[in-house]
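Overview (structure and organization)
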Amino acid sequence: MSGKVILHYFNGRGKMESIRWLLTVAGVEFDEQYITTREQYEKLLSDGSLMFQQVPMVEIDDMKLIQTKAIFKYIAEKYNLHGKDLKDRVMIDMYSEGLMDHMEMIMKLPFVSDPKSQLDSIQSKAKERYLPVFEKALGAPVYLVGGKLSCADVLLLECTLMLEEKFPAILADFPNIKSFQGRMTQIPSIAKFLQPGSKRKPQPDEVYSKTVMEVFKFTLPLP
Ligand code: GSN
C-alpha cells in the first residue's frame, strides 16, 4: 500500500466530502479512485476491502478504513483537530453529529421521491433546529470549542456553504455564523479549496446520481 492517502468513492460529494474537507484543512495530500462502474465496486468487494460492503473507504496508514464517522474522527485525532481533552471532544462530537445529520438531509436530495418537500424540510430544520445552536455558540468565541480550530468548525463551514447554495439568504438572521464563515474562508488551505480546480466536488448532478444508482443497483426512490 502506498504511503499516500487514497479515497475510494464516487466523483461527487456524498459521504466523502466532509473527509475531503478535513484532509484539506489538515494539510494532507490525497488521491482519489473514483468508482464509476459496478465492476469496480465488485472488485473492492471481492478484494475484501469493504468491511460492510459500503463506501466511503479510505486507505491511510496501511489501513483500509470504512464508516464515515470513524474515518473522520481518526483524521481529526491524528491532525489535532479534535479538542484538547475529553470534554472538548464530546462537545466537538455533539456538534459534528448534528451537522452530519443535517448534511445527510441535503445529501439525500437527488434520491428522494419529493425533492421539494425535502428542501422545505431542510430549510425549516436549518432555521429552527441547527443554525440557532451555532449562532449562540459563536456569540463571543472564534471557534466552536476550546478556543481552537476543530473538525466541528470545518463541518459547520461545509454545512453552511451547502445551505447557502440552496437558500442564498439563509444566514441573514445568523450574523455570528456569517462572520465565522468569513474568518474560516480566510484560512489559506480553505481559501484554496474553495477555488475552482480544487478537489472540492460540485453539487450533485444527474451523472453522479445515475452512477450511484447503477453501481449499487438501487431503484428510486430510496427507502
Ligand atoms: O457512514 C457510513 O460510512 C456508513 N454508516 C454508511 C455508508 C453507506 O451507506 N454507503 C453507501 C454509499 S454512500 N451513500 O450514501 C453504500 O456503500 N451503500 C451500498 C450498500 O449496499 O449499502
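As a reminder, the structure under discussion sits directly above these lines.
All of these numbers come straight from a predicted model, not from anything done at the bench.

1. Comments concerning the side chain of aspartate 88
Positionally, aspartate 88 belongs in helix 4 (residues 86-107). Residue aspartate 88 is classed as buried on the basis of its relative accessible area, which comes to 10%. A polar atom in the side chain of aspartate 88 sits 3.1 Å from the side chain of lysine 84. Ignoring anything within four residues of it in the chain, the contact list for aspartate 88 reads Gly83, Val145 and Gly146.

2. Quick word on the sheet that holds strand 2 (residues 30-34)
Taken together, the 4 strands give an open sheet; going across it, the order is 2-1-3-4, and neighbouring strands pair in mixed fashion. Both outer strands of the open sheet, strand 2 and strand 4 (63-66), are each paired with one neighbouring strand and no more. Pairs of neighbouring strands in the sheet enclose a mean axial angle of 20°, with direction left out of account. Two elements, strand 3 (residues 57-60) and strand 4, share 4 bridges in a ladder whose sense is antiparallel. Of the residues in strand 4, the one forming a bridge with methionine 57 is isoleucine 66.

So, how was this worked out
- Residues numbered from 1 in each chain as written.
- Predicted model: local features only at pLDDT ≥ 70, side-chain atom pairs only at ≥ 80, totals over all residues.
- Heavy atoms only, no water.
- Helix = DSSP H or I, 4+ residues; strand = E, 2+ residues; numbered from the N terminus.
- Buried < 20%, exposed > 50% of the residue type's maximum accessible area, 1.4 Å probe, protein only.
- Polar contact = N/O pair within 3.5 Å; in protein donor to acceptor, adjacent residues only side chain to side chain.
- Contact = heavy atoms within 4.5 Å.
- Pairing = 2+ DSSP bridges.
- Axes fitted to C-alpha atoms, helices over the stretch in contact; angles between N-to-C directions.

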